[in-house]
Amino acid sequence: MGIVIKIKYVSPTAFYTPIRPAVKSQNLTASQRPSVIKALKGQTVKINCSYSYENGEQLRIKWKRKDSAQGICDYTYNKNNAKYTLWHCTGHANITVDLSTNSSSLIIYDLHLNDSTIYICQVSIEIPPPTQIAEGKGTRLTVEAPPIVQLRAEALPYPNEGIQLVCNSLEFYPGNIQVSWFEDGQLITNGTENGNLYANSDGSFSITSFLNLSILDWNEGGNYSCQVNHSTLSVPITHPVSNLDKSNGKSIKWTIVLRSMTLAVATLLVMAAFVLYFRLQNIDDEFEQPCLCQEIEDQQLQTELIRATSTRKQGLESTLV
């Protein structure tokens, strides 16, 4: 009696479980606060995120920038296997997670100007599949920088004789700024000049303002000051000249005096050189003239000798004849 074997073809896809794409869940939600943060360069900010978490086995929280696909901080929690609880952050940021309150925070230290962007909290339940994802609406962070103000006095370059006050406003953002000069509390409009707005490599700006003073104005001892106003300041920054080292002002006066003396000495030396040159020329002429006269006398004597010799020769010839 024969044995009949029936073979049934089974497609390989029958053993393949397709990876289901992540879906947005109506049960999983995420919210952020605050929605807007404005901070200064070098400060620390904190962005909070709260979420709903239901019976999932593996939870993932990711903080990211809206303008970049790369995450800033990533946290993974598996409630059945502690070794799968991992987190890491990049740059000058850190993450905190409180599973008891279903909350997370992103902390950014030592803010830079290029940290300005929108930050998003993304929460997902990866196990069981399909992965469920929820995102907060984002927090917009704007980083600004107050100006660093420096004031100094220096001598004006030749041929100007006077003092130049230089007020530097450095590394501020945004670029709108107002620089003013005052004398005894009164606004100065004459003799002031603002340089061009300079863009630094980190996105900040710098500008220099000048006030030119004559020696007479400087010696009168007026109270001069540079005032800088910027959106990051609660009150304008005012730097009075009296804050400058007094010896610096004295050294500038001496610099001007020494420069004038040096110029006068140089002028006298040039004049003396010209006088000496012309005198040497006259002396050379006096030495050369006798030599010319002697040559003329020698030539005349030679001519007379030739004439005398010729006359004597003619006389001898006539005698012989």
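Here, the structure is the one placed above.
Residues numbered from 1 in each chain as written. Predicted model: local features only at pLDDT ≥ 70, side-chain atom pairs only at ≥ 80, totals over all residues. Heavy atoms only, no water.

Thoughts on the sheet that holds strand 4 (residues 45-51)
Neighbouring strands of a sheet are bound in pairs by backbone hydrogen bonds; such pairs are parallel or else antiparallel. Read from one edge to the other, the open sheet built from four strands follows the order 2-4-9-8, with strand pairing classed as antiparallel. In this open sheet, the two edge strands, each paired with only one partner strand, are strand 2 (30-33) and strand 8 (93-98). Looking at each pair of strands side by side, their axes are set apart by 20 degrees on average, direction ignored. Examined bridge by bridge, strand 4 and strand 9 (residues 103-108) share six bridges and lie antiparallel to one another. Directly across from Lys-46, in strand 9, lies its bridge partner Ile-107. (Pairing = 2+ DSSP bridges. Helix = DSSP H or I, 4+ residues; strand = E, 2+ residues; numbered from the N terminus. Axes fitted to C-alpha atoms, helices over the stretch in contact; angles between N-to-C directions.)

Regarding the layout of surface pockets
Space inside the second largest pocket adds up to approximately 200 Å³. Per-class residue counts for the lining of the second largest pocket are four nonpolar, six polar and two charged. (1 Å grid on protein atoms, 1.4 Å probe; cavity = no way out; pocket = protein on both sides within 12 Å on 5 of 7 lines; lining within 4 Å. Points joined across faces, edges and corners; volume = space filled by probe spheres on them. Nonpolar A, V, L, I, M, F, W, Y, C, P; charged D, E, K, R; others polar.)

So, the environment of Val-45
Along the polypeptide, Val-45 turns up in strand 4. When its relative accessible area of 6% is taken as the criterion, Val-45 is described as buried. Placed 48 residues apart in sequence, Val-45 and Ala-93 show a C-alpha to C-alpha distance of 9.7 Å. Beyond its immediate stretch of four places on either side in the chain, Val-45 contacts Ile-37, Ala-39, Leu-106, Ile-107, Ile-108, Leu-111 and Leu-141. (Buried < 20%, exposed > 50% of the residue type's maximum accessible area, 1.4 Å probe, protein only. Contact = heavy atoms within 4.5 Å.)

Re the state of the cysteines
Cysteine pairs can be linked by a disulfide, which is a covalent bond between their two sulfur atoms. Taken as a whole and assessed by the stated rule, the structure comprises three disulfides. The partner cysteine of Cys-49 in its disulfide is Cys-121, sulfur to sulfur 2.1 Å. Between Cys-49 and Cys-121, the S-S torsion sits near -70 degrees, and that sign places the bridge as left-handed. Of the two residues, Cys-49 sits in strand 4 while Cys-121 sits in strand 10 (residues 117-127), which places them 72 residues apart along the sequence. On the basis of relative accessible area, Cys-49 is assigned to the buried category, the value being 2%. Judged by relative accessible area, Cys-121 falls into the buried class, the value being 0%. Between Cys-167 and Cys-226 runs a disulfide, and the two sulfur atoms are separated by 2.0 Å. (Disulfide = S-S within 2.5 Å.)

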